[in-house]
Amino acid sequence: MSALIHTLLPMLFTGLRLTILIAILGIVFAFVIGSISGYALQSKSRIARAIAFIYIWLIRGTPLVVQALYIYYVLPLIVPFLELSSTTAGIVVISINSGAFIAEIIRGALQGVDAGQKETGASLGMTNFQVLIHLVIPPAFRAVIPALFNQFIIALKDTSLLTVIVVNEMTQMAMSYSSLNFRYIEAYTALAVFYLVLISVLVVIQKFVERKLGVNSPAKPKIANLRVKLPIDN
Amino acid sequence: MNEVGGETAFLKVNNLCKSFDSLKVLDNVSTEIRIGEVTCVLGPSGAGKSTFLRCLNRLEMPESGEIICFGKNTLTHGYDIRSLREDVGMVFQQFNLFPLKTVLNNVMLAPVIVKKMKKPEARQLAMRELEKVGLAEKAHSLPGTLSGGQKQRVAIARSLAMKPKLMLFDEPTSALDPELVSDVLDVMKQLARDGMTMIVVTHEMGFAREVADRILFMADGKIIEDDAPDVFFDNPRTERARAFVEKML
Ligand SMILES: Nc1ncnc2c1ncn2[C@@H]1O[C@H](COP(=O)(O)OP(=O)(O)OP(=O)(O)O)[C@@H](O)[C@H]1O
Ligand SMILES: [Mg+2]
(Lines give C-alpha, C1' and ligand atoms only; values in the text may rest on other atoms or scores of the structure.)
(Ligands and ions follow the chains in the order given, each with its own letter.)
Protein backbone atom coordinates (compact mmCIF):
# COMPACT_ATOMS: atom_id res chain seq x y z
CA MET A 1 0.00 0.00 0.00
CA SER A 2 2.75 2.43 0.89
CA ALA A 3 4.58 1.59 -2.34
CA LEU A 4 1.40 2.43 -4.20
CA ILE A 5 1.01 5.80 -2.53
CA HIS A 6 4.66 6.74 -2.17
CA THR A 7 6.08 5.37 -5.40
CA LEU A 8 3.47 4.40 -8.00
CA LEU A 9 1.16 7.40 -7.77
CA PRO A 10 3.95 10.00 -7.88
CA MET A 11 5.42 8.17 -10.88
CA LEU A 12 2.07 8.10 -12.65
CA PHE A 13 1.48 11.77 -11.95
CA THR A 14 4.90 12.58 -13.40
CA GLY A 15 4.00 10.50 -16.46
CA LEU A 16 0.58 12.14 -16.59
CA ARG A 17 2.14 15.56 -17.12
CA LEU A 18 3.99 14.28 -20.17
CA THR A 19 0.96 12.37 -21.46
CA ILE A 20 -1.13 15.53 -21.25
CA LEU A 21 1.59 17.68 -22.81
CA ILE A 22 2.09 15.32 -25.75
CA ALA A 23 -1.63 14.75 -26.21
CA ILE A 24 -2.54 18.43 -26.18
CA LEU A 25 0.30 19.60 -28.42
CA GLY A 26 -0.20 16.55 -30.65
CA ILE A 27 -3.92 17.20 -31.01
CA VAL A 28 -3.42 20.91 -31.72
CA PHE A 29 -0.76 20.28 -34.38
CA ALA A 30 -2.75 17.36 -35.77
CA PHE A 31 -5.78 19.61 -36.14
CA VAL A 32 -3.72 22.22 -37.99
CA ILE A 33 -2.03 19.63 -40.22
CA GLY A 34 -5.32 17.80 -40.76
CA SER A 35 -7.20 20.98 -41.66
CA ILE A 36 -4.58 22.04 -44.18
CA SER A 37 -4.30 18.62 -45.79
CA GLY A 38 -8.06 18.09 -45.68
CA TYR A 39 -8.53 21.38 -47.48
CA ALA A 40 -5.81 20.44 -49.95
CA LEU A 41 -7.50 17.09 -50.67
CA GLN A 42 -10.60 18.82 -52.01
CA SER A 43 -8.86 21.85 -53.55
CA LYS A 44 -8.52 22.53 -57.25
CA SER A 45 -4.71 22.40 -57.18
CA ARG A 46 -3.40 19.06 -58.44
CA ILE A 47 -0.06 19.48 -56.68
CA ALA A 48 -1.73 20.21 -53.33
CA ARG A 49 -3.99 17.20 -53.78
CA ALA A 50 -1.05 14.96 -54.69
CA ILE A 51 1.05 16.03 -51.70
CA ALA A 52 -1.84 15.54 -49.29
CA PHE A 53 -2.66 12.19 -50.82
CA ILE A 54 0.89 10.88 -50.48
CA TYR A 55 1.16 12.06 -46.88
CA ILE A 56 -2.09 10.35 -45.91
CA TRP A 57 -1.21 7.21 -47.83
CA LEU A 58 2.14 6.91 -46.03
CA ILE A 59 0.74 7.53 -42.58
CA ARG A 60 -2.38 5.43 -42.85
CA GLY A 61 -0.40 2.65 -44.49
CA THR A 62 2.08 2.20 -41.63
CA PRO A 63 1.58 1.53 -37.90
CA LEU A 64 2.14 4.32 -35.42
CA VAL A 65 4.80 2.28 -33.62
CA VAL A 66 6.80 1.97 -36.83
CA GLN A 67 6.45 5.70 -37.46
CA ALA A 68 7.73 6.41 -33.95
CA LEU A 69 10.73 4.12 -34.37
CA TYR A 70 11.45 5.70 -37.72
CA ILE A 71 11.34 9.29 -36.55
CA TYR A 72 13.31 8.62 -33.40
CA TYR A 73 15.98 6.20 -34.65
CA VAL A 74 16.16 6.42 -38.44
CA LEU A 75 15.63 10.09 -39.22
CA PRO A 76 18.76 11.27 -37.33
CA LEU A 77 20.82 8.79 -39.35
CA ILE A 78 19.59 10.31 -42.61
CA VAL A 79 19.40 13.95 -41.59
CA PRO A 80 21.99 14.52 -38.82
CA PHE A 81 20.46 17.66 -37.30
CA LEU A 82 17.07 15.94 -36.90
CA GLU A 83 18.04 14.28 -33.64
CA LEU A 84 14.92 14.77 -31.55
CA SER A 85 14.42 14.13 -27.86
CA SER A 86 12.03 11.26 -27.28
CA THR A 87 9.35 13.68 -26.07
CA THR A 88 9.64 15.90 -29.14
CA ALA A 89 9.64 12.84 -31.38
CA GLY A 90 6.50 11.68 -29.55
CA ILE A 91 4.74 14.98 -30.22
CA VAL A 92 5.75 14.85 -33.88
CA VAL A 93 4.52 11.28 -34.28
CA ILE A 94 1.15 11.95 -32.67
CA SER A 95 0.73 15.12 -34.75
CA ILE A 96 1.47 13.65 -38.15
CA ASN A 97 -0.32 10.40 -37.41
CA SER A 98 -3.52 11.94 -36.13
CA GLY A 99 -3.28 14.70 -38.76
CA ALA A 100 -3.67 12.15 -41.54
CA PHE A 101 -6.89 10.79 -40.09
CA ILE A 102 -8.23 14.26 -39.32
CA ALA A 103 -7.51 15.26 -42.94
CA GLU A 104 -10.04 12.72 -44.18
CA ILE A 105 -12.60 13.93 -41.67
CA ILE A 106 -12.11 17.56 -42.72
CA ARG A 107 -12.22 16.76 -46.42
CA GLY A 108 -15.53 14.97 -46.02
CA ALA A 109 -17.02 17.87 -44.08
CA LEU A 110 -15.85 20.50 -46.56
CA GLN A 111 -17.23 18.51 -49.47
CA GLY A 112 -20.42 17.92 -47.54
CA VAL A 113 -21.30 21.62 -47.53
CA ASP A 114 -24.03 22.22 -50.09
CA ALA A 115 -22.63 23.64 -53.34
CA GLY A 116 -25.65 25.95 -53.48
CA GLN A 117 -24.37 27.76 -50.38
CA LYS A 118 -21.05 28.49 -52.05
CA GLU A 119 -22.72 29.64 -55.26
CA THR A 120 -25.02 31.91 -53.34
CA GLY A 121 -22.04 33.51 -51.63
CA ALA A 122 -20.29 33.97 -54.96
CA SER A 123 -23.45 35.43 -56.49
CA LEU A 124 -23.50 38.04 -53.71
CA GLY A 125 -19.99 39.14 -54.66
CA MET A 126 -18.02 37.29 -51.97
CA THR A 127 -14.46 36.16 -52.63
CA ASN A 128 -13.63 32.46 -52.40
CA PHE A 129 -11.93 33.15 -49.10
CA GLN A 130 -15.00 34.95 -47.69
CA VAL A 131 -17.19 32.04 -48.81
CA LEU A 132 -14.84 29.64 -47.04
CA ILE A 133 -14.76 31.62 -43.80
CA HIS A 134 -18.42 32.62 -43.56
CA LEU A 135 -20.33 29.90 -45.39
CA VAL A 136 -18.25 26.71 -45.52
CA ILE A 137 -16.32 26.47 -42.27
CA PRO A 138 -19.19 27.12 -39.82
CA PRO A 139 -21.39 24.21 -40.99
CA ALA A 140 -18.37 22.00 -41.71
CA PHE A 141 -17.00 22.59 -38.21
CA ARG A 142 -20.27 21.57 -36.59
CA ALA A 143 -20.35 18.47 -38.73
CA VAL A 144 -16.86 17.31 -37.72
CA ILE A 145 -17.12 17.74 -33.95
CA PRO A 146 -18.11 14.14 -33.12
CA ALA A 147 -15.56 12.57 -35.47
CA LEU A 148 -12.90 15.03 -34.39
CA PHE A 149 -13.30 14.22 -30.70
CA ASN A 150 -13.22 10.55 -31.52
CA GLN A 151 -9.87 11.15 -33.19
CA PHE A 152 -8.68 13.16 -30.17
CA ILE A 153 -9.50 10.20 -27.92
CA ILE A 154 -7.55 7.89 -30.19
CA ALA A 155 -4.59 10.30 -30.18
CA LEU A 156 -4.62 10.42 -26.41
CA LYS A 157 -4.57 6.63 -26.14
CA ASP A 158 -1.91 6.39 -28.82
CA THR A 159 0.51 8.27 -26.58
CA SER A 160 0.85 4.98 -24.68
CA LEU A 161 2.46 3.42 -27.76
CA LEU A 162 5.32 5.91 -27.43
CA THR A 163 6.85 3.52 -24.87
CA VAL A 164 8.68 2.04 -27.87
CA ILE A 165 10.85 5.15 -27.99
CA VAL A 166 10.93 5.38 -24.20
CA VAL A 167 8.94 8.52 -23.69
CA ASN A 168 8.38 8.80 -19.95
CA GLU A 169 4.62 9.11 -20.14
CA MET A 170 2.17 7.22 -17.92
CA THR A 171 2.43 3.80 -19.53
CA GLN A 172 6.22 3.93 -19.47
CA MET A 173 6.08 4.86 -15.79
CA ALA A 174 3.75 2.00 -14.93
CA MET A 175 6.00 -0.40 -16.81
CA SER A 176 9.12 0.83 -14.99
CA TYR A 177 7.37 0.54 -11.65
CA SER A 178 6.13 -2.99 -12.22
CA SER A 179 9.41 -4.21 -13.66
CA LEU A 180 11.09 -3.32 -10.38
CA ASN A 181 8.65 -4.97 -7.98
CA PHE A 182 6.41 -7.14 -10.17
CA ARG A 183 3.28 -5.55 -8.74
CA TYR A 184 1.43 -5.80 -12.05
CA ILE A 185 -2.10 -5.67 -10.73
CA GLU A 186 -1.81 -2.36 -8.95
CA ALA A 187 0.43 -0.79 -11.62
CA TYR A 188 -1.78 -1.50 -14.59
CA THR A 189 -5.10 -1.09 -12.78
CA ALA A 190 -4.03 2.37 -11.64
CA LEU A 191 -2.79 3.11 -15.18
CA ALA A 192 -6.11 2.10 -16.72
CA VAL A 193 -7.99 4.27 -14.24
CA PHE A 194 -5.79 7.25 -15.13
CA TYR A 195 -6.59 6.86 -18.85
CA LEU A 196 -10.26 6.37 -18.13
CA VAL A 197 -10.39 9.62 -16.16
CA LEU A 198 -8.48 11.55 -18.85
CA ILE A 199 -10.77 10.33 -21.59
CA SER A 200 -13.85 11.01 -19.51
CA VAL A 201 -12.69 14.61 -19.27
CA LEU A 202 -12.45 14.73 -23.08
CA VAL A 203 -15.94 13.30 -23.40
CA VAL A 204 -17.31 15.96 -21.05
CA ILE A 205 -15.59 18.66 -23.12
CA GLN A 206 -17.11 17.15 -26.27
CA LYS A 207 -20.63 17.22 -24.83
CA PHE A 208 -20.10 20.81 -23.75
CA VAL A 209 -18.90 21.90 -27.19
CA GLU A 210 -21.74 20.04 -28.89
CA ARG A 211 -24.29 21.70 -26.66
CA LYS A 212 -22.79 25.15 -27.26
CA LEU A 213 -22.87 24.68 -31.03
CA GLY A 214 -26.19 22.82 -31.06
CA VAL A 215 -24.58 19.97 -33.00
CA ASN A 216 -27.47 17.59 -32.35
CA SER A 217 -30.19 19.94 -33.55
CA PRO A 218 -29.04 20.98 -37.03
CA ALA A 219 -31.68 23.61 -37.67
CA LYS A 220 -31.58 25.27 -34.29
CA PRO A 221 -28.40 26.10 -32.41
CA LYS A 222 -29.26 26.44 -28.73
CA ILE A 223 -28.04 30.00 -28.52
CA ALA A 224 -30.55 31.20 -31.07
CA ASN A 225 -33.29 29.15 -29.51
CA LEU A 226 -33.62 31.35 -26.48
CA ARG A 227 -36.83 33.23 -26.51
CA VAL A 228 -38.04 35.79 -24.04
CA LYS A 229 -41.36 34.84 -22.61
CA LEU A 230 -43.61 37.84 -22.51
CA PRO A 231 -46.24 38.20 -19.79
CA ILE A 232 -48.97 38.28 -22.43
CA ASP A 233 -47.82 35.03 -24.12
CA ASN A 234 -49.04 32.28 -21.84
CA MET B 1 -37.04 53.50 -72.77
CA ASN B 2 -34.71 53.52 -69.79
CA GLU B 3 -31.10 54.36 -70.26
CA VAL B 4 -27.99 54.72 -68.20
CA GLY B 5 -25.16 56.75 -69.68
CA GLY B 6 -26.67 56.57 -73.15
CA GLU B 7 -26.92 52.79 -72.90
CA THR B 8 -30.32 51.06 -73.08
CA ALA B 9 -29.02 47.52 -72.61
CA PHE B 10 -27.73 46.23 -69.30
CA LEU B 11 -26.27 43.18 -70.99
CA LYS B 12 -25.67 42.31 -74.62
CA VAL B 13 -25.24 38.60 -75.19
CA ASN B 14 -23.52 37.57 -78.41
CA ASN B 15 -23.21 34.02 -79.72
CA LEU B 16 -23.01 32.36 -76.33
CA CYS B 17 -22.12 28.67 -76.41
CA LYS B 18 -21.80 26.25 -73.51
CA SER B 19 -21.46 22.48 -73.41
CA PHE B 20 -21.34 19.97 -70.59
CA ASP B 21 -19.11 17.19 -71.92
CA SER B 22 -20.55 16.49 -75.34
CA LEU B 23 -23.97 17.97 -74.55
CA LYS B 24 -24.48 21.37 -76.16
CA VAL B 25 -26.57 23.27 -73.62
CA LEU B 26 -26.34 26.78 -75.09
CA ASP B 27 -26.11 26.98 -78.83
CA ASN B 28 -25.24 30.44 -80.16
CA VAL B 29 -27.50 32.43 -77.89
CA SER B 30 -27.70 36.14 -78.69
CA THR B 31 -30.00 38.69 -77.07
CA GLU B 32 -29.94 41.82 -75.01
CA ILE B 33 -31.33 42.59 -71.59
CA ARG B 34 -32.73 46.09 -71.55
CA ILE B 35 -32.66 48.35 -68.51
CA GLY B 36 -35.96 48.52 -66.64
CA GLU B 37 -37.50 45.58 -68.45
CA VAL B 38 -38.81 42.34 -67.03
CA THR B 39 -37.72 39.47 -69.25
CA CYS B 40 -39.32 36.10 -68.64
CA VAL B 41 -37.50 33.03 -69.91
CA LEU B 42 -39.80 30.11 -70.68
CA GLY B 43 -39.16 26.73 -72.16
CA PRO B 44 -39.22 22.99 -71.57
CA SER B 45 -37.04 21.25 -68.98
CA GLY B 46 -33.46 20.89 -70.17
CA ALA B 47 -33.74 23.78 -72.62
CA GLY B 48 -30.77 25.54 -71.02
CA LYS B 49 -32.66 28.27 -69.15
CA SER B 50 -30.77 27.88 -65.88
CA THR B 51 -27.46 27.60 -67.67
CA PHE B 52 -28.20 30.79 -69.59
CA LEU B 53 -29.01 32.63 -66.38
CA ARG B 54 -25.93 31.28 -64.61
CA CYS B 55 -23.69 32.41 -67.45
CA LEU B 56 -24.88 35.97 -66.95
CA ASN B 57 -23.19 36.24 -63.54
CA ARG B 58 -20.54 33.72 -64.53
CA LEU B 59 -21.52 30.97 -62.10
CA GLU B 60 -21.11 29.01 -65.31
CA MET B 61 -18.32 29.94 -67.73
CA PRO B 62 -19.39 29.79 -71.39
CA GLU B 63 -16.80 28.43 -73.78
CA SER B 64 -17.38 31.01 -76.46
CA GLY B 65 -19.32 34.16 -77.18
CA GLU B 66 -19.42 37.39 -75.26
CA ILE B 67 -21.55 39.15 -72.67
CA ILE B 68 -21.12 42.92 -72.90
CA CYS B 69 -21.98 45.00 -69.85
CA PHE B 70 -21.59 48.73 -70.46
CA GLY B 71 -18.91 48.24 -73.08
CA LYS B 72 -16.92 45.54 -71.30
CA ASN B 73 -16.94 41.83 -72.04
CA THR B 74 -17.62 40.09 -68.72
CA LEU B 75 -16.13 36.84 -69.98
CA THR B 76 -12.58 38.13 -70.37
CA HIS B 77 -9.97 37.01 -67.90
CA GLY B 78 -9.28 40.40 -66.37
CA TYR B 79 -12.93 41.41 -65.93
CA ASP B 80 -13.85 42.21 -62.32
CA ILE B 81 -16.62 39.66 -62.01
CA ARG B 82 -17.13 40.31 -58.31
CA SER B 83 -18.12 43.90 -58.83
CA LEU B 84 -20.59 42.75 -61.49
CA ARG B 85 -22.00 40.23 -59.02
CA GLU B 86 -22.51 43.01 -56.49
CA ASP B 87 -24.82 44.62 -59.04
CA VAL B 88 -26.57 41.43 -60.13
CA GLY B 89 -28.70 39.65 -57.53
CA MET B 90 -29.69 36.02 -57.94
CA VAL B 91 -32.56 34.08 -56.42
CA PHE B 92 -32.42 30.29 -56.59
CA GLN B 93 -35.14 27.67 -56.72
CA GLN B 94 -33.83 26.10 -53.50
CA PHE B 95 -33.59 29.45 -51.63
CA ASN B 96 -30.09 28.63 -50.33
CA LEU B 97 -30.49 30.52 -47.08
CA PHE B 98 -27.51 30.19 -44.75
CA PRO B 99 -28.95 27.72 -42.23
CA LEU B 100 -26.88 28.66 -39.18
CA LYS B 101 -27.50 32.39 -39.47
CA THR B 102 -30.64 34.20 -38.41
CA VAL B 103 -32.82 35.77 -41.06
CA LEU B 104 -31.37 39.17 -40.19
CA ASN B 105 -27.80 37.90 -40.47
CA ASN B 106 -28.59 36.23 -43.78
CA VAL B 107 -29.60 39.63 -45.14
CA MET B 108 -26.82 41.62 -43.46
CA LEU B 109 -23.93 39.36 -44.33
CA ALA B 110 -23.08 40.48 -47.86
CA PRO B 111 -23.43 44.22 -47.22
CA VAL B 112 -21.08 43.85 -44.24
CA ILE B 113 -18.41 41.64 -45.73
CA VAL B 114 -18.61 42.56 -49.41
CA LYS B 115 -19.49 46.25 -49.18
CA LYS B 116 -17.74 46.75 -45.82
CA MET B 117 -20.83 48.45 -44.45
CA LYS B 118 -20.88 49.23 -40.70
CA LYS B 119 -23.02 46.72 -38.80
CA PRO B 120 -25.63 49.15 -37.38
CA GLU B 121 -26.16 50.60 -40.82
CA ALA B 122 -26.38 47.13 -42.39
CA ARG B 123 -28.85 46.08 -39.72
CA GLN B 124 -31.12 49.00 -40.55
CA LEU B 125 -30.84 48.29 -44.25
CA ALA B 126 -31.62 44.60 -43.67
CA MET B 127 -34.65 45.43 -41.54
CA ARG B 128 -35.97 47.74 -44.27
CA GLU B 129 -35.57 45.01 -46.88
CA LEU B 130 -37.27 42.49 -44.59
CA GLU B 131 -40.14 44.90 -44.06
CA LYS B 132 -40.58 45.19 -47.81
CA VAL B 133 -41.05 41.44 -48.11
CA GLY B 134 -43.30 41.40 -45.02
CA LEU B 135 -40.95 39.43 -42.75
CA ALA B 136 -39.54 41.98 -40.32
CA GLU B 137 -40.99 40.02 -37.40
CA LYS B 138 -38.98 36.96 -38.44
CA ALA B 139 -35.65 38.82 -38.27
CA HIS B 140 -34.36 36.77 -35.36
CA SER B 141 -35.65 33.39 -36.49
CA LEU B 142 -33.51 30.74 -38.09
CA PRO B 143 -34.29 29.72 -41.67
CA GLY B 144 -35.22 26.21 -40.56
CA THR B 145 -38.29 27.57 -38.81
CA LEU B 146 -39.72 29.36 -41.88
CA SER B 147 -42.12 28.14 -44.55
CA GLY B 148 -40.83 27.82 -48.13
CA GLY B 149 -42.55 31.01 -49.18
CA GLN B 150 -41.01 32.90 -46.27
CA LYS B 151 -37.59 31.47 -47.07
CA GLN B 152 -37.80 32.63 -50.64
CA ARG B 153 -38.86 36.11 -49.59
CA VAL B 154 -35.88 36.27 -47.23
CA ALA B 155 -33.67 35.18 -50.13
CA ILE B 156 -35.08 38.03 -52.21
CA ALA B 157 -34.49 40.51 -49.37
CA ARG B 158 -30.94 39.20 -49.05
CA SER B 159 -30.28 39.94 -52.72
CA LEU B 160 -31.97 43.32 -52.58
CA ALA B 161 -29.82 44.39 -49.63
CA MET B 162 -26.92 44.58 -52.07
CA LYS B 163 -28.91 47.20 -54.04
CA PRO B 164 -28.58 45.28 -57.30
CA LYS B 165 -29.36 46.82 -60.68
CA LEU B 166 -30.38 43.51 -62.22
CA MET B 167 -32.14 40.58 -60.56
CA LEU B 168 -31.96 37.01 -61.85
CA PHE B 169 -34.67 34.59 -60.71
CA ASP B 170 -34.31 30.87 -61.49
CA GLU B 171 -37.72 29.26 -60.97
CA PRO B 172 -38.20 31.04 -57.65
CA THR B 173 -41.58 29.41 -56.96
CA SER B 174 -41.02 25.90 -58.30
CA ALA B 175 -40.09 24.43 -54.92
CA LEU B 176 -43.08 25.97 -53.12
CA ASP B 177 -46.40 24.57 -52.06
CA PRO B 178 -49.04 26.03 -54.40
CA GLU B 179 -50.67 28.17 -51.69
CA LEU B 180 -47.34 29.90 -50.96
CA VAL B 181 -46.53 30.84 -54.55
CA SER B 182 -48.55 34.03 -54.66
CA ASP B 183 -46.73 35.64 -51.69
CA VAL B 184 -43.46 35.35 -53.57
CA LEU B 185 -44.93 36.46 -56.89
CA ASP B 186 -46.46 39.52 -55.18
CA VAL B 187 -43.03 40.57 -53.95
CA MET B 188 -41.64 40.14 -57.46
CA LYS B 189 -44.49 42.13 -58.98
CA GLN B 190 -43.83 44.99 -56.59
CA LEU B 191 -40.16 44.85 -57.54
CA ALA B 192 -41.10 45.07 -61.21
CA ARG B 193 -43.37 48.05 -60.51
CA ASP B 194 -40.46 49.74 -58.76
CA GLY B 195 -38.58 49.54 -62.04
CA MET B 196 -36.10 46.75 -61.32
CA THR B 197 -34.51 45.13 -64.35
CA MET B 198 -35.35 41.44 -63.99
CA ILE B 199 -34.80 38.16 -65.77
CA VAL B 200 -37.17 35.48 -64.53
CA VAL B 201 -37.04 31.83 -65.47
CA THR B 202 -40.47 30.56 -64.56
CA HIS B 203 -43.26 28.13 -65.26
CA GLU B 204 -45.84 30.59 -63.90
CA MET B 205 -47.58 31.55 -67.13
CA GLY B 206 -49.97 33.97 -65.44
CA PHE B 207 -47.07 35.89 -63.94
CA ALA B 208 -45.18 35.95 -67.24
CA ARG B 209 -48.19 37.26 -69.09
CA GLU B 210 -49.01 39.91 -66.52
CA VAL B 211 -45.57 41.19 -65.56
CA ALA B 212 -43.17 40.49 -68.42
CA ASP B 213 -42.27 43.13 -70.95
CA ARG B 214 -40.79 40.41 -73.05
CA ILE B 215 -40.77 36.63 -73.33
CA LEU B 216 -37.73 34.64 -74.38
CA PHE B 217 -38.72 31.11 -75.33
CA MET B 218 -35.86 28.62 -75.23
CA ALA B 219 -35.62 25.09 -76.53
CA ASP B 220 -32.60 22.90 -77.22
CA GLY B 221 -30.16 25.58 -76.12
CA LYS B 222 -31.50 28.24 -78.45
CA ILE B 223 -33.76 31.24 -78.05
CA ILE B 224 -36.39 30.43 -80.61
CA GLU B 225 -38.85 33.22 -79.83
CA ASP B 226 -38.43 36.73 -78.52
CA ASP B 227 -41.85 38.34 -78.24
CA ALA B 228 -44.09 40.64 -76.29
CA PRO B 229 -46.21 38.50 -73.93
CA ASP B 230 -49.52 38.93 -75.78
CA VAL B 231 -47.89 37.91 -79.05
CA PHE B 232 -46.24 34.93 -77.44
CA PHE B 233 -49.33 33.67 -75.66
CA ASP B 234 -51.92 34.48 -78.33
CA ASN B 235 -50.03 34.11 -81.59
CA PRO B 236 -46.78 32.21 -81.09
CA ARG B 237 -44.68 32.20 -84.24
CA THR B 238 -43.24 28.72 -84.00
CA GLU B 239 -44.91 25.35 -83.68
CA ARG B 240 -42.67 24.56 -80.67
CA ALA B 241 -43.90 27.61 -78.80
CA ARG B 242 -47.52 26.97 -79.75
CA ALA B 243 -47.34 23.42 -78.38
CA PHE B 244 -45.64 24.68 -75.22
CA VAL B 245 -48.23 27.38 -74.59
CA GLU B 246 -51.10 24.97 -75.16
CA LYS B 247 -49.64 22.49 -72.71
CA MET B 248 -48.96 25.09 -70.03
CA LEU B 249 -52.32 26.88 -70.16
N1 LIG C 1 -23.25 21.01 -64.21
C2 LIG C 1 -23.76 20.26 -65.20
N3 LIG C 1 -23.12 19.17 -65.66
C4 LIG C 1 -23.61 18.41 -66.65
N5 LIG C 1 -24.76 18.67 -67.29
C6 LIG C 1 -25.47 19.73 -66.90
C7 LIG C 1 -25.01 20.59 -65.84
N8 LIG C 1 -25.92 21.57 -65.67
C9 LIG C 1 -26.88 21.34 -66.57
N10 LIG C 1 -26.64 20.25 -67.32
C11 LIG C 1 -27.46 19.74 -68.42
O12 LIG C 1 -27.67 20.78 -69.33
C13 LIG C 1 -28.99 20.76 -69.83
C14 LIG C 1 -29.64 22.10 -69.62
O15 LIG C 1 -29.76 22.30 -68.23
P16 LIG C 1 -30.48 23.56 -67.60
O17 LIG C 1 -30.45 23.34 -66.14
O18 LIG C 1 -29.86 24.80 -68.12
O19 LIG C 1 -31.95 23.42 -68.16
P20 LIG C 1 -33.26 24.19 -67.73
O21 LIG C 1 -33.83 24.75 -68.97
O22 LIG C 1 -32.98 25.12 -66.63
O23 LIG C 1 -34.19 23.01 -67.23
P24 LIG C 1 -35.22 22.96 -66.00
O25 LIG C 1 -36.51 23.58 -66.46
O26 LIG C 1 -35.37 21.49 -65.77
O27 LIG C 1 -34.60 23.67 -64.85
C28 LIG C 1 -29.69 19.61 -69.15
O29 LIG C 1 -29.71 18.51 -70.04
C30 LIG C 1 -28.84 19.32 -67.96
O31 LIG C 1 -28.88 17.96 -67.64
MG1 LIG D 1 -33.42 25.16 -64.57
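Scroll up for the structure.
Presented here is a report on the structure given in the accompanying data block. (Residues numbered from 1 in each chain as written. Chains lettered and ligands numbered in written order. Predicted model: local features only at pLDDT ≥ 70, side-chain atom pairs only at ≥ 80, totals over all residues. Heavy atoms only, no water.)

## Here we look at the packing of aromatic side chains
Piece 1. For the structure shown, the criterion picks out nine aromatic pairs over all chains.
Piece 2. Between Phe13(A) and Phe194(A) the ring centres are 5.2 Å apart and the planes differ by 70 degrees, which places this aromatic pair in the edge-to-face class. Within this pair, whereas Phe13(A) is found in helix H1 (residues 2–41), its partner Phe194(A) is found in helix H8 (residues 184–213), the two being separated by 181 residues in sequence.
Piece 3. Here Tyr184(A) and Tyr188(A) contribute two aromatic rings whose centre-to-centre distance is 6.3 Å and whose plane-to-plane angle is 10 degrees, an arrangement assigned as stacked. Of this pair, Tyr184(A) and Tyr188(A) both sit in helix H8, four residues apart, which is roughly one turn of that helix.
Piece 4. Exposure remark for Tyr188(A): the relative accessible area of 33% places this residue in the partly exposed category.
Piece 5. Site record: aromatic cluster; members linked through ring pairs are Phe217(B), Phe232(B), Phe233(B) and Phe244(B). (Phe/Tyr/Trp six-rings, centres within 6.5 Å; stacked < 30°, edge-to-face > 60°. Helix = DSSP H or I, 4+ residues; strand = E, 2+ residues; numbered from the N terminus. Buried < 20%, exposed > 50% of the residue type's maximum accessible area, 1.4 Å probe, protein only.)

## Re the packing of H1(A) against helix H7 (residues 170–181) of chain A
Residues and elements named next belong to chain A.
Piece 1. Between H1 and H7, the shortest axis-to-axis distance is 7 Å and the interhelical angle comes to 155 degrees. Between H1 and H7, the crossing angle belongs to the class labelled roughly antiparallel. Crossing geometry of H1 relative to H7 is assigned as right-handed. For the pair formed by H1 and H7, the contact residues are Ala3, Leu4, Thr7, Leu8, Met11, Leu12, Thr14, Gly15, Leu16 and Thr19 on the first element and Met170, Met173, Ala174, Ser176 and Tyr177 on the second.
Piece 2. A per-class count over the contact of H1 with H7 returns ten nonpolar, five polar and no charged. (Axes fitted to C-alpha atoms, helices over the stretch in contact; angles between N-to-C directions. Parallel < 35°, antiparallel > 145°, perpendicular 65-115°, else oblique. Left-handed = near helix turned anticlockwise from the far one by under 90°. Contact = heavy atoms within 4.5 Å. Nonpolar A, V, L, I, M, F, W, Y, C, P; charged D, E, K, R; others polar.)

## As for the interface of chain A and chain B
Piece 1. If you look at the interface, chain A gives 22 residues, while chain B gives 26 residues.
Piece 2. Taken together, both faces of the contact between chain A and chain B bury some 2,000 Å²; the carbon and sulfur share is 65%.
Piece 3. The largest contributions to the chain A side of the interface with chain B come from Glu119(A), Ser123(A) and Leu124(A), which together make up 28% of the buried area.
Piece 4. In this structure, the connection of chain A to chain B is made through one salt bridge.
Piece 5. In this structure, Glu119(A) engages Arg54(B) in a salt bridge whose closest nitrogen and oxygen atoms are separated by 2.6 Å.
Piece 6. At the boundary of chain A with chain B, the tally comes to seven residue pairs in polar contact (both at pLDDT 80 or more). (Buried area = accessible area lost by both parts, 1.4 Å probe. Salt bridge = Lys/Arg side-chain N within 4 Å of Asp/Glu carboxyl O. Polar contact = N/O pair within 3.5 Å; in protein donor to acceptor, adjacent residues only side chain to side chain.)

Function-wise, these values are silent; they only describe arrangement.
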